[in-house]
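Each chain is listed here by its residues.
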Amino acid sequence: MTTAAPAASLSLFTLLRQPVTDSEGHRMGVLADLIVRLRHGDYPLVTGLVVAVGGTRAFVTAADLAALEPGRVQLAVSTVDLREFRRREGEVLLSEDVLGHRLIDVTRAAFVRAYDVQLSPVLDGWAATGLDVHRRRWLSLGARHAAHAPRDWKDFEPLIGHAASADVRAVSARIPELKPAQIADIIEEATEREQHELLAQVHEDPELEADVFEELDEDRQSELFRDRTDAEVAEVLGRMQADDAADALMDLPQERRAPVLGLLPEPQRSRVHRLLGYHDLTAGGLMGTDFLALPATSTIADALTAVRGAVLLQPQSLSVIYTLAPDGALEGALSLVHAVQADPARPLSEVADRDVVSAAPGDDVIDVTTRMADFNLLAMPVLAEDRRILGVITVDDALEAAIPEDWSRRESNHHETGSEA
């Protein structure tokens, strides 16, 4: 692991356009850029310089660098290869790709802009160790601007946008560390180029990709699906929660719905098909098909074993355990907390509450969410006429239906954090 030496750090901003001299001190050109290579879990190492010599941008390996100081860039050689510099796979140009560009503050899940890069000496040369995300003002250059200490490079995810380097850069990507809802918010604020890079990173983890698409607003989700084939859309919908997948399917153009539905794997296709029959402003349209129900004769121990084994169900749907009569009708319900606190040997019929608050599939969504709030419910079953469970409305879906659509887009979350000095 590279250890930086902050006391000897340099500012990229002050190095750019400085004269580059040869081993004899003769001017060869000016520094146009520094080249780094990203390293997983470590700071990007400076591997070369781009030197503007006349009208040519020449490459100089970092091994030929003799001195790098404010106002002085000296090489240990007397000549350089004057062939035009061409970027190699995995290389990042600090000025061209980072300075002035937006990047993601991973610690705050927000867009910021890079105004300077901190360079520090390390055992194997120089490394980019920090970023200054405070806007430089012409009246605050120098000492006043220096009051803004650079933050650790590892707190950020640069969006380089260089396609040929994407595979190499994906190894050190930090976007998957964020929560799906945070990634979705970032994607919704991203430019088309930034979206492409973010989605490429998310695509490396199919489960994460599905979770992110669940969190996207309908318009952005539809927009992103528009550019994918039916098979690619079905691949994502196949991993989404059935209720979210059904909503996404209905947002597709009508001519695409049947082909995409036909490409969904079983049993997802059956779950989604069942949900498509309900209006989205009813309990049936709001419910999900994930829930845990056991015969009332089962024990508490049986229920807890079933919870541990339900790894494919969303956690919210496991907050309540439902008990069934011999004919499959709903008989009772108990919270997971109640089950954990109860005697494992007791049958569920002795512990479960038989007075279960429920909804019919045609109930209005406002009535449903109000009922859940009145009874402080984490989940509410949706029942058919014979009291069989059709699905369950969880508190997260109820909240999403009850609050304004733009609740997550508060103005304060969409300013570029720290962009002003």
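For the structure itself, consult the block above.
1. Describing the environment of Lys179
Part 1: With respect to the helices and strands, Lys179 occurs in the loop between helix H4 (166-170) and helix H5 (180-189).
Part 2: Note: C-alpha distance between Lys179 and Leu208 (29 residues apart in sequence) is 9.0 Å.

2. Things to note about the side chain of Gln221
Part 1: Of note, Gln221 is situated in helix H8 (residues 218-226).
Part 2: Looking at Gln221, the relative accessible area reads 5%, which means it is buried.
Part 3: Leaving out residues up to four positions away in the same chain, Gln221 has contacts with Phe213, Glu214, Leu216, Met240, Ala248 and Asp251.

3. Section: the packing of helix H10 (residues 242-250) against helix H12 (residues 268-275)
Part 1: Two numbers describe how H10 lies on H12: the axes approach to 9 Å, and their chain directions differ by 65°. Judged by the inter-axis angle, H10 sits roughly perpendicular to H12. The handedness of the crossing between H10 and H12 is right-handed. Where H10 approaches H12, its residues Ala242, Asp243, Ala245, Ala246 and Leu249 are matched on the opposing element by Gln268, Arg271, Val272 and Leu275.
Part 2: Across the contact of H10 with H12, the residue classes break down as 6 nonpolar, 1 polar and 2 charged.

4. As for the pattern of salt bridges
Part 1: Evaluation of the coordinates by the stated rule reveals 21 salt bridges.
Part 2: Asp155 is paired through a salt bridge with Arg151; the nearest N and O atoms lie 3.8 Å apart.
Part 3: A relative accessible area of 18% places Arg151 in the buried class.
Part 4: A salt bridge links Arg239 to Glu207; the shortest N-O distance between them is 3.5 Å. Of this pair, Arg239 sits in the loop between helix H9 (230-237) and H10 while Glu207 sits in helix H7 (residues 206-215), and the two are 32 residues apart along the sequence.
Part 5: Overall, Glu207 belongs to the partly exposed group, its relative accessible area being 46%.

5. With respect to unusual backbone geometry
Part 1: Going from Glu266 to Pro267, the amide bond is cis rather than trans, its omega being 5°.
Part 2: Looking at where Pro267 falls in the secondary structure, it is placed in the loop between helix H11 (254-263) and H12.
Part 3: Its identity is not glycine, yet Arg17 carries a phi of approximately 70°, on the positive side.

6. Points about the sheet that holds strand E17 (residues 330-335)
Neighbouring strands of a sheet are bound in pairs by backbone hydrogen bonds; such pairs are parallel or else antiparallel.
Part 1: Pairing is mixed across the open sheet formed by 3 strands, whose spatial order is E15-E16-E17. The outermost strands of the open sheet, each flanked by one partner alone, are strand E15 (292-295) and E17. Direction aside, the axes of adjacent strands within the sheet are offset by 30° on average.
Part 2: Bridge count for strand E16 (residues 320-324) against E17 is 5 bridges, and the pairing is antiparallel. Counted as the bridge partner of Leu324 is Leu330 from E17.

Rules used throughout
Residues numbered from 1 in each chain as written. Predicted model: local features only at pLDDT ≥ 70, side-chain atom pairs only at ≥ 80, totals over all residues. Heavy atoms only, no water. Helix = DSSP H or I, 4+ residues; strand = E, 2+ residues; numbered from the N terminus. Buried < 20%, exposed > 50% of the residue type's maximum accessible area, 1.4 Å probe, protein only. Contact = heavy atoms within 4.5 Å. Axes fitted to C-alpha atoms, helices over the stretch in contact; angles between N-to-C directions. Parallel < 35°, antiparallel > 145°, perpendicular 65-115°, else oblique. Left-handed = near helix turned anticlockwise from the far one by under 90°. Nonpolar A, V, L, I, M, F, W, Y, C, P; charged D, E, K, R; others polar. Salt bridge = Lys/Arg side-chain N within 4 Å of Asp/Glu carboxyl O. Pairing = 2+ DSSP bridges.

Everything listed here is a matter of coordinates, which is why it stays silent on function.
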